[in-house]
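# Fold and geometry: a report
Given next are the chains, with one letter for each unit.
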Amino acid sequence: MLRFSPGRRFTRLRRGCRRVLAVAAATVLVATACGSPGRQTPDSWSTPGRGGVLRVAVPTDPPSLDPFTTPSYAVAYGHLLAAIYDPLVWADPATGAIRPHIAESLTPSPDARTWTLVIRPGVVFSDGLPFDAAAVKANWRVHADPATGSAGAIAATGLKLTVADPLRLTIELPGPNAHFDRAVANNLAYVASPRALNDLVSLRTEPVGAGPFVLAERVPGRRLTLRRNPHYWQPGRPYLDQVEVHVPSVGKTQVESMAAEDFDLTTVGDPAQVKEATAEKLGVLPIQLGGGRMLVFNTRRPPFNDPAARRAVVNSLSADEIDRRFFRGAGTPAHGIFGSTSQLANGRLAARDDDPEAARAGFDKLTAGGSRPFDFTFVAVGVEDPGSQASYIRAQVQRFPGVHMRIDTVDTATLIRRSISGDFDMAVTGLWMSDPEPVLYDFLRPGSLTNISGYSNATVTEAMNAGRLATNPVARRDAYTRVQVRLNEDLPFWVYQEAANTVVFAPSVTGIQPHGDGLVLFDRIGLRR
């Protein structure tokens, strides 16, 4: 998922008695803390008791509640969508596998061109309509309609959908893709009632899904209340009676509010907040992701249509220094598009940075020894100040004669608009992905709206297509190794901080099953007995 993040986060472990225990894989961790009188040790894996209210934090008041236009990543409003709609399938961070949920199965043909989705019998929407293949088809068509403005369009566009029987949908893809199930989990998992699709404007404020909870009350700017769905398809679930969704008080981070016991669960992408959460003896479940915080170059026009110019900028910067200065050393400096724990990463292919001599040689050539100006504009969100990351970057590149960087500070909406339209030289962005499919594919696909760098390379396109077809993990890794090799040569963007979201929870919460980029399954979560 492509993300633009403001301020020093750019989009978006404790000492002493804290320990982090690996559970099933390094991507899903459970934090424990030294016990203290009157306070439980965090425990995410127990069976919850019946009843109670879970208070969930979101960064701001949700702009919408429909599954098409609502930002669905975990650090935004994904928890709301998960609670109201329930996923068709979900991505397990511990294994990378795609797990069924409302769907019984999602399977490909031998050539990976046609997939079959089978829905569980007996599932109904909260308005009483059956959850069937026709409902999924109708929702995916809304995603694919350009007028909707859905982020899911990257997965839904070009699909030929046929209702084979009430619970079976046949999906013919524009081209073979052995990992289409990951695209569904990441972009098309939430389905609204077909009746609600008749009025998409109302759906934004009056959601109708098949999840464990339904919207009961909304106090704009303060709180949303979800109550148990009496028509939920799993007998005896959910455990909770109610979920309250809150916006933190002005001046407080989500973790600060949790430490004050204002609420019980959130997901954060800022490593400094994770460090704060563990220090406060809150539970943490880190989810390692691909992508990360990055600088992106506009390769369509000078000066960054020249790979040498991009390389000189990257060589002048240090991912380690950015982590120390702006993330209190709590993050993980990146060395490529895949995180160090990813099965697709190749540690021998680390992108180079922090090479002042190479930067000096590169800029010396570009500026003819400082006699020819090398000017460019860096677009960033927020207010320019001497302590900002933008100011750090400017100071680093302007060490070299002839180089001048102007900082253009804008709001988030303007950054998005200018990035998509190509109206920038260098900008900040972020790519958070539990799998390359379909986010990285679209980020690198020539002509895609999310390919904001304008990058086009036949070798990369060929390797990405090979990755789509590879069912063997080794073959898939080999394909993405070819992608990494070429990206390191061309540098259309520079990833400087690995992506990681962290589920943060109060000691009173348990039954947490993370999925995707740090969401939870709301049929399983609850309060400790």
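Higher on the page you've got the structure.
First, a word on what this report is: a plain description of the structure on this page. (Residues numbered from 1 in each chain as written. Predicted model: local features only at pLDDT ≥ 70, side-chain atom pairs only at ≥ 80, totals over all residues. Heavy atoms only, no water.)

### Regarding the pairing of strand S10 (residues 168-172)
Burial of S10 is one-sided: the residues Leu-169 and Ile-171 facing one way are buried, the residues Arg-168, Thr-170 and Glu-172 facing the other way are not. Relative to S10, strand S8 (residues 114-119) runs antiparallel, the two sharing five bridges. Each residue of the ladder has a partner; that of Thr-114, found in S10, is Glu-172. Where strand S9 (residues 160-165) lies against S10, five bridges are found, and the strand directions are antiparallel. Directly across from Leu-161, in S10, lies its bridge partner Ile-171. Hairpin connection, S9 to S10: the antiparallel pair is bridged by two residues. (Buried < 20%, exposed > 50% of the residue type's maximum accessible area, 1.4 Å probe, protein only. Helix = DSSP H or I, 4+ residues; strand = E, 2+ residues; numbered from the N terminus. Pairing = 2+ DSSP bridges.)

### Considering the sheet that holds S8
Ordered in space as S7-S8-S10-S9, the four strands form an open sheet in which the pairing is antiparallel. The open sheet is flanked by strand S7 (103-108) and S9, the only strands paired with a single partner. Neighbour-to-neighbour, the strand axes of this sheet turn through a mean angle of 20°, independent of strand direction. (Axes fitted to C-alpha atoms, helices over the stretch in contact; angles between N-to-C directions.)

### Considerations on the packing of helix H8 (residues 307-315) against helix H10 (residues 356-366)
Axis angle and axis distance: for two packed helices, these are the angle between their axes and the distance between the axes, and together they describe the pair. Two elements in contact, H8 and H10, have axes whose closest approach is 8 Å; the angle formed by their N-to-C orientations is 145°. For the crossing formed where H8 meets H10, the hand is left-handed. Seen from H8, the contacting residues are Ala-308, Ala-309, Ala-312, Val-313 and Asn-315; seen from H10, they are Pro-356, Ala-358, Ala-359, Gly-362, Phe-363 and Leu-366. (Left-handed = near helix turned anticlockwise from the far one by under 90°. Contact = heavy atoms within 4.5 Å.)

### A word on the pattern of salt bridges
Counted by the stated rule, this structure contains 24 salt bridges. For Arg-418, the salt bridge identified is with Asp-423, shortest N-O distance 3.5 Å. For Arg-418, a relative accessible area of 13% gives the class buried. (Salt bridge = Lys/Arg side-chain N within 4 Å of Asp/Glu carboxyl O.)

### So, unusual backbone geometry
Of note, the bond from Arg-237 into Pro-238 is cis; its omega dihedral lies within 30 degrees of zero at -5°. In this fold, Pro-238 is placed in the loop between strand S12 (223-228) and strand S13 (242-246). In this model, Glu-437 is joined to Pro-438 through a cis peptide bond whose omega is -5°. In this structure, Ala-112 takes a positive phi of about 60° despite not being glycine. In this structure, Ala-112 sits in the loop between S7 and S8. Of note in this structure, Ala-368 is not a glycine but carries a positive phi near 55°. Within the element layout of this structure, Ala-368 appears in the loop between H10 and strand S16 (374-381).

Shape descriptors only; they carry no functional weight alone.
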